[in-house]
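Residue-level structural notes
Take a look at the letters that make up each chain.
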Amino acid sequence: MKPVQNEITGSLGVNPSIELKARLEQDRILGRVGGALMAKELNLEVSEKGVSGHVGGKNGFEVNLELKAGELSGFVGLEPLNLRGVDQVTGRLGNTLGGVDFISNQNGDSLRGRLGGIKGQTFTLELSGTPGWIGTLVAIIAFYAIEKHKN
């Protein structure tokens, strides 16, 4: 069976892994991160100016990222985020102390990446036509939603 166009599926981390499932519908990223017991809903808008929206319902958090000089920068919840690139994406979530670096590479419709260096968490996503930077952003938001945002 052929995957649905613009659908993002995969996981972040191992034992336990965080399930990722989202889709790009015109200018919106909609979906869910986390399994049945810890799921957080995604509802983000992509524009020429950046990405904004809400994750996780009434006890969730805001995402506000602005596109400046080819880099998305702003906040995911309370953490600053800087994201650079399209197919090969690099950046940092968080401040100097306690923050995590990330890197990902897109090969066709597959995206593989790592948050937090050698001992960090890996993520693997199938993109079905979605740009790699969007898949990387979904993985970073999932990490923040499950690991950092404890409401």
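In this report, the structure presented in the accompanying data block is examined.

It is worth spelling out the pattern of salt bridges at this point. Under the definition given, this model contains five salt bridges. Taking the shortest distance from any N to any O, the salt bridge between Glu 19 and Arg 32 comes out at 3.3 Å. You can see Glu 19 sitting in strand β2 (residues 18-25) and its partner Arg 32 sitting in strand β3 (residues 28-33), a full 13 residues away along the chain. A relative accessible area of 35% places Glu 19 in the partly exposed class. The partner of Glu 71 in a salt bridge is Arg 84, with the nearest N and O atoms 3.2 Å apart. Note that Glu 71 is positioned in strand β7 (residues 71-76) and Arg 84 in strand β8 (residues 79-84), a separation of 13 residues in sequence. A residue is classified by how much of its surface remains accessible, and Arg 84, at 36% relative accessible area, is partly exposed.

So, on to the pairing of strand β12 (residues 121-126). In terms of strand pairing, strand β1 (residues 7-12) meets β12 through four bridges, oriented antiparallel. Across the sheet, the residue bridging to Ser 11 is Thr 124, located in β12. Taken together, the six bridges between strand β11 (residues 110-115) and β12 define a ladder with antiparallel strand orientation. Across the sheet, Arg 114 pairs through a bridge with Thr 122, a residue of β12. The hairpin turn running from β11 into β12, its antiparallel successor, is five residues long, and Gly 116 in that turn takes a positive phi close to 90°.

Turning to the nonpolar core, a few remarks are in order. Membership of the largest hydrophobic core comes to 41 residues, with the highest contact counts inside it found for Trp 133 and Ile 141. In terms of residues, this core owes the most to one element, helix α1 (residues 132-148), which gives twelve residues. Trp 133 has contacts with Val 46, Val 51, Leu 72, Leu 83, Gly 85, Val 86 and Val 89, leaving out every residue within four places of it along the chain.

What follows concerns the sheet that holds strand β10 (residues 100-107). Read around the closed barrel, twelve strands run β1-β2-β3-β4-β5-β6-β7-β8-β9-β10-β11-β12, paired in antiparallel fashion. Across the sheet, the mean angle separating the axes of adjacent strands is 15° when strand polarity is ignored. The sheet contact formed by strand β5 (residues 50-55) and strand β6 (residues 61-68) spans six bridges and is antiparallel. Considered in β6, the bridge of Val 51 is made with Leu 65. Seen against the sheet, α1 touches β1, β2, β3, β4 (40-47), β5, β6, β7, β8, β9 (88-93), β10, β11 and β12 and runs at an angle of roughly 135° to β2.

With that out of the way, let us pick up the packing of aromatic side chains. In the structure shown here, the tally under the stated rule is one aromatic pair. Seen from their ring centres, Phe 61 and Tyr 144 are 4.7 Å apart, and the 75° between their planes marks the pair as edge-to-face. Note that Phe 61 is positioned in strand β6 and Tyr 144 in helix α1, a separation of 83 residues in sequence. Just as Phe 61 is buried, Tyr 144 falls in that class too.

About the criteria used
Residues numbered from 1 in each chain as written. Predicted model: local features only at pLDDT ≥ 70, side-chain atom pairs only at ≥ 80, totals over all residues. Heavy atoms only, no water. Salt bridge = Lys/Arg side-chain N within 4 Å of Asp/Glu carboxyl O. Helix = DSSP H or I, 4+ residues; strand = E, 2+ residues; numbered from the N terminus. Buried < 20%, exposed > 50% of the residue type's maximum accessible area, 1.4 Å probe, protein only. Pairing = 2+ DSSP bridges. Core = buried A, V, L, I, M, F, W, Y, C linked by side-chain atoms within 4.5 Å. Contact = heavy atoms within 4.5 Å. Axes fitted to C-alpha atoms, helices over the stretch in contact; angles between N-to-C directions. Phe/Tyr/Trp six-rings, centres within 6.5 Å; stacked < 30°, edge-to-face > 60°.

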